[in-house]
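Letter by letter, the chains look like this.
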Amino acid sequence: MADPTILGLESSCDDTAAAIVRGREILSSVVMGQSELHAAFGGVVPEIAARAHAEKLDLAVEQALEEAGLGTREVDAIAVTAGPGLIGGVLSGVMMAKGLASALGKPLIGVNHLAGHALTPRLTDGLCYPYLMLLVSGGHCQFLIVRGAEDFSRLGGTIDDAPGEAFDKTARLLGLPQPGGPQVEAAARGGEAARFAFPRPLLDREGCDMSFSGLKTALLRLRDRLVAEQGGLHPADVADICAGFQAAVRDVLVEKTRRALAAYLAERPEQPAFAIAGGVAANGAIRSGLESLCDRTGVRFTAPPLPLCTDNAAMIAYAGGELLGAGQVSDMTLAARPRWPLDRSAAPMLGSGRKGAKA
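Colleague: Looking at this structure, how should I read the sheet that holds strand β9 (residues 273–277)?
Modeller: Consider a sheet: its strands pair through backbone hydrogen bonds, and that pairing is either parallel or antiparallel. Within the open sheet, the 5 strands sit side by side as β8-β7-β6-β9-β10. Their pairing is mixed. Across the chains shown, the open sheet's two edge strands, defined by having one partner strand only, are β8 (151–157) and β10 (300–302). Going across the sheet, the axis of each strand differs from the next one's by a mean of 25°, ignoring polarity. As defined by bridge partners, strand β7 (residues 141–148) adjoins β8 across 6 bridges and the pair is classed as antiparallel. Across the sheet, Leu144 pairs through a bridge with Arg154, a residue of β8.

In structure tokens, the structure reads:
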């Protein structure tokens, strides 16, 4: 049977995306960012993001179809991020997908946004199950053994801030533009990481859990001390702080990955592989540190191309194709979910609310 052609929609945060994927072939991938809309606020404003998604989703779909050279009738199924994420944005995508699926008479597939990231190495590199995944982004950070399209075992994760969130907060504290990750990385290239001593949280605790809140607090105190002592921050101070902060995040992730690899390899996978995905996977220093660890361990290292590290709809379309192949199809009762943990048997990392576990 030929691979189905899947139209994917993604609107969980501040990128409106549509893509068409057939098997492992990306026929088109459109991402419409919102950075300019949120720039004055120092972060993503959910209400603004939701409105922008509602305005752009049909344009993104139209462009994706045009780039793929396909009509709507040539699409076999509609896959959409149904959570987790900012509820207004997720709801915009789900309603758009329901409308398309109903009008075209095509299957509707609700996809977990985190599963989209976690399955990206199968799209880009054809990894075999099981593999170890570090999902590291603005809102999430966790180690997962990926055993199937709906089979994930969490080995550990952040108990507070995700690394991407910490990068964004660091940028704000230092007066750098948003999104913070690329700005901090760029500043760090001209800095001396050893100038300031940053903590490496939770390295004295067994296991794979991580914490980045204390690292952010240490940076705030350092910034305030420098401002008090010299009346402000010099460009060299900003570069050195960014370099030190980035090195601390890298060291924590590398050490925790070493521990996660040990647990994963204890299961003796036939083709051991480690993958990193999510926005922070685009950071060159972090990626290089993890790749070196895998070289020393004898485990295959994979990371998606940079455009597929950040939020995109190609990963949602691919994940939808795997779910479709397994017979996992949604219906018109599909709901937008602000929280949707991948490993539902594991205790919540970040607590629970009335709508369930956050992560």
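Colleague: I keep staring at helix α3 (residues 87–104) and nothing clicks. Help me out?
Modeller: Think of an α-helix as 3.6 residues a turn; residues three or four steps apart then line up on the same face. The terminal C-alpha atoms of α3, which comprises 18 residues, lie 25 Å apart, in line with the 26 Å expected from a rise of 1.5 Å per residue. Every buried residue belonging to α3 is among Gly89, Val90, Ser92, Gly93, Val94, Ala97, Lys98, Leu100, Ala101 and Leu104, and all of these are buried. Buried-residue contacts for α3 involve β1 (5–10), α2 (46–68), β4 (77–83) and β5 (108–112). Just beyond α3, the residue with positive phi is Gly105, at close to 70°.

Colleague: Honestly, the sheet that holds β4 in this entry has me stumped. Any pointers?
Modeller: If you walk across this open sheet you meet the 5 strands as β3-β2-β1-β4-β5, and the pairing is mixed. Lying at the two open borders of the sheet, with one neighbouring strand each, are β3 (25–33) and β5. When strand polarity is set aside, the average angle formed by the axes of neighbouring strands in this sheet is 20°. Here 8 bridges tie strand β2 (residues 15–22) to β3, and the two strands are oriented antiparallel to one another. The residue of β3 that forms the bridge with Arg22 is Glu25. Against the sheet, α3 touches β1, β4 and β5, its axis set at about 160° to β4.

Colleague: Quick question: what am I supposed to make of the packing of helix α5 (residues 163–173) against helix α8 (residues 235–265) here?
Modeller: Helix-helix packing is characterised by the crossing angle of the two axes and by the distance between the axes. Taken N-terminus to C-terminus, the directions of α5 and α8 make an angle of 170°; their axes are 12 Å apart at the nearest point. With respect to each other, α5 and α8 are oriented roughly antiparallel. Contacts between α5 and α8 involve Pro163, Ala166, Phe167 and Thr170 on the former and, on the latter, Phe245, Gln246 and Val249. Counted by class, the contact of α5 with α8 contains 5 nonpolar, 2 polar and no charged residues.

Rules of the game
Residues numbered from 1 in each chain as written. Predicted model: local features only at pLDDT ≥ 70, side-chain atom pairs only at ≥ 80, totals over all residues. Heavy atoms only, no water. Pairing = 2+ DSSP bridges. Helix = DSSP H or I, 4+ residues; strand = E, 2+ residues; numbered from the N terminus. Axes fitted to C-alpha atoms, helices over the stretch in contact; angles between N-to-C directions. Expected span 1.5 Å × (residues − 1). Buried < 20%, exposed > 50% of the residue type's maximum accessible area, 1.4 Å probe, protein only. Contact = heavy atoms within 4.5 Å. Parallel < 35°, antiparallel > 145°, perpendicular 65-115°, else oblique. Nonpolar A, V, L, I, M, F, W, Y, C, P; charged D, E, K, R; others polar.

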